[in-house]
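For reference, the chains in residue letters:
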Amino acid sequence: MCGIVGILGKSSVANNLVDALRRLEYRGYDSAGVATVEDGTLDRRRAEGKLRNLEKRLLAEPLAGRTGIGHTRWATHGRPIERNAHPHMTAKVSVVHNGIIENFRDLRAKLEAKGHRFETDTDTEAVVHLITDELDQSNDPVAAAHKALNQLQGAFALGIIFAGHDDLMIAARKGSPLAIGHGSGEMYLGSDAIALAPFTDAITYLEEGDWAVLHRSGADIYDRDGARIERPMIKAVASSLLVDKGNYRHFMAKEIHEQPEVISHTLANYLDMAAARVNFPDLGVDLANISRVTISACGTAYYAGLVAKYWIERFARLPVDIDVASEMRYRETPLPENGLAIFVSQSGETADTLATLRYCKANRQHVASIVNVRTSTIARESHAVLPTLAGPEIGVASTKAFTCQLSVLACLAIAIGRARGEIAPEQETALVTALTEVPRHVAAILRNEDIYLPVAQDLAKARDVLYLGRGSSFPIALEGALKLKEISYIHAEGYAAGELKHGPIALIDESVPVIVVAPEDELFEKTVSNLQEVAARGGQIILISDAPPEKAGCKLAAHIPMPVVDAFIAPLLYAVPIQLIAYQTAVQIGTDVDQPRNLAKSVTVE
Ligand code: F6R
């Protein structure tokens, strides 16, 4: 994750760009840079490391210009050195970028073949040359940027300025947030409203797929189909400039929609995307010599751990013991020599998880925690901390923290598999490439949100709902049931699909919706057999699958289509529809989505 800003100002903007970047430093500080248009020419200053290095550079070599963009970097593609720092530019265009351009290798190869010379290891530079290439043909910056945007794959936010155009900036949002700030005869752009707080509180949030053309007089916004569209301008109040809901009705909705960005941020911390390799921090233990992994957590975090059991056992061929922390802490379970104990917690303060951690530590386990709050007690008491970079999660129902926990655990499974010689380099490349594509697929799923409304309207009338899944989809079924019951108060149960006939099938009749999480993997046919059993008893089946509905072989109440992906990343993607189903059902019922009854965000009692 990186921070981007832009200003169309009345006077020199370099210092204000740096001010805005300072408020975005939480998004990354590997390097920083600003670029401006002065007398029709683009120029830039960049510096490795924290923002203060850029400030020193600007003092020594000031940068004039009333139109500028700035960037603070969290390196994904290419080492954190000045050469790779943003803004990237040619003589015609300069770009700041947050996110990942997935097809940058293909674009780069094509553009190099046409004679473009690349100077960095970044994915962003492909965007710069792509726009330059379009400008070589048309010299119309808006048309050139639009054509280039249509060729980009991935989840990203962009700010773009052009040589010879002192009153023009282009912004684009696809999977990473972007806010436009309205001043008096000035316009601003920022990764969030906090960055723009010193200049304006009049904010327009771009929505997924939007792109905008900014002039000092205002912004023209276009949707993903190129249609001119109005987005509301809101007044950001001082407190909301810390954590606000943006255009969303609830924090939960905002947090669901932040997932492309925060997953990409989290993955960037554990992967070398350019080399398609896992780049895991040293846990202080030899991953090749672990005898067993023990995972413990509560609620949603426990289900993330349960997915990891499937991944670690499959890809690293290492046994994994997992239990909810409230049970494991009293189970007096014997723990092995050379054991690695992993604790998963958004808050890092959950009492049962902490108690189990202390038990494992006392029993000579090497303790690693996956937490969202780095200063938390669980983090402080662990031998190694693996942060999720989800940002503050305000909605009580965990969403983005869950998919970020899965992201870390997926990287960990590959790291252990590689250390144990169970994952060959080609397989690592394939798994890492699949992970890199997750933010884009999640963004695509979120664009299809309307299909959940009729499903939610039906579910809102149900008294009981069943969720089924097999393999790594079983924990997602459990998580689906938990999400639905905690925010809609409808009774829901998750089952391993094969367990259906051992009891729960007795519940099924025409009034019971059955939500089936079934990617078309090697277990799909088995799940289809379970679907027949449900259909034969009149159950209302809602199938979430990349397989076409005909393959269910029975009547479906609804089919939620999913992208066709490597089965490894399916849990990360199928988590999203089950969140949207729960959210929209709760909205239909009218519950307090962000603060459901009887629950708390941080459970510090046992
Ligand atoms: C459900 C949910 C809870 C938490 C659980 C653990 O949406 O949020 O089940 O996952 O209370 O909390 P943390 O992750 O803070 O340890």
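A short tour of the structure in this document, coming up. Keep in mind the model is a prediction, meaning the values are calculated, not measured.

A closer look at the environment of Glu 533
- Relative to the elements of secondary structure, Glu 533 occurs in helix 18 (residues 524–536).
- With 130 residues separating them along the chain, Glu 533 and Thr 403 place their C-alpha atoms 31 Å apart.
- Residues in contact with Glu 533, not counting those within four places in the same chain, are Leu 500, Lys 501 and Ile 505.

A short note on the nonpolar core
- In this structure, Val 293, Trp 311, Leu 435 and Tyr 467 are the most contacted members of the largest nonpolar core, which totals 103 residues.
- Of the residues forming this core, the biggest block, 12 residues, is contributed by helix 19 (residues 570–589).
- Each of two domains, domain 2 (254–436) and domain 3 (445–589), supplies a minimum of three residues to this core.
- Filtering out sequence-adjacent residues up to four positions away, Val 293 remains in contact with Ile 312, Leu 318, Pro 319, Val 320, Asp 321, Leu 340, Ile 342 and Ile 416.
- Counting residues in each nonpolar core, the second largest holds 28 residues, with Phe 118, Ala 126, Val 128 and Leu 135 among its members.

So, the sheet that holds strand 19 (residues 320–324)
- Here we have 5 strands laid out as an open sheet, ordered 19-18-20-21-22, and parallel in their pairing. With partners counted over all chains shown, the strands left at the sheet margins are strand 19 and strand 22 (384–387), one partner each. In this sheet, neighbouring strand axes are inclined to one another by 20° on average, regardless of whether the strands run parallel or antiparallel.
- Across 4 bridges, strand 21 (residues 366–371) lies against strand 22 in parallel orientation.

A short note on unusual backbone geometry
- Residue His 86 is joined to Pro 87 through a cis peptide bond whose omega torsion reads -5°.
- Here Pro 87 lies in the loop between strand 4 (67–73) and strand 5 (88–89).
- Positive phi values are uncommon outside glycine, yet Tyr 489 reaches one of about 65°.
- For Tyr 489, the location among the structural elements is in the loop between helix 17 (474–488) and strand 24 (491–496).

Section: the site of the ligand
- Among the 15 residues in the neighbourhood of the ligand, the closest are listed as Ser 345, Gln 346, Ser 347, Thr 350 and Glu 486.
- Contact between the ligand and Thr 350: an oxygen atom at 2.5 Å from a side-chain N or O atom of the residue.
- At 3.4 Å, a backbone N or O of Val 396 approaches an oxygen atom of the ligand.
- Against a free-state accessible area of 400 Å², the protein chains account for coverage of 89% of the ligand.
- Elements supplying a minimum of two residues to the shell around the ligand: helix 9 (299–316) and helix 17.
- Its residues assigned to classes, the shell around the ligand shows 6 nonpolar, 7 polar and 2 charged.

So, how was this worked out
- Residues numbered from 1 in each chain as written.
- Predicted model: local features only at pLDDT ≥ 70, side-chain atom pairs only at ≥ 80, totals over all residues.
- Heavy atoms only, no water.
- Helix = DSSP H or I, 4+ residues; strand = E, 2+ residues; numbered from the N terminus.
- Contact = heavy atoms within 4.5 Å.
- Core = buried A, V, L, I, M, F, W, Y, C linked by side-chain atoms within 4.5 Å.
- Buried < 20%, exposed > 50% of the residue type's maximum accessible area, 1.4 Å probe, protein only.
- Domains from an automatic or database assignment.
- Pairing = 2+ DSSP bridges.
- Axes fitted to C-alpha atoms, helices over the stretch in contact; angles between N-to-C directions.
- Near = heavy atom within 4 Å.
- Polar contact = N/O pair within 3.5 Å; in protein donor to acceptor, adjacent residues only side chain to side chain.
- Areas by Shrake-Rupley, 256 points an atom, 1.4 Å probe, with all protein chains shown as cover.
- Nonpolar A, V, L, I, M, F, W, Y, C, P; charged D, E, K, R; others polar.

Interpretation note: all reported values are geometric properties and have no functional meaning in isolation.
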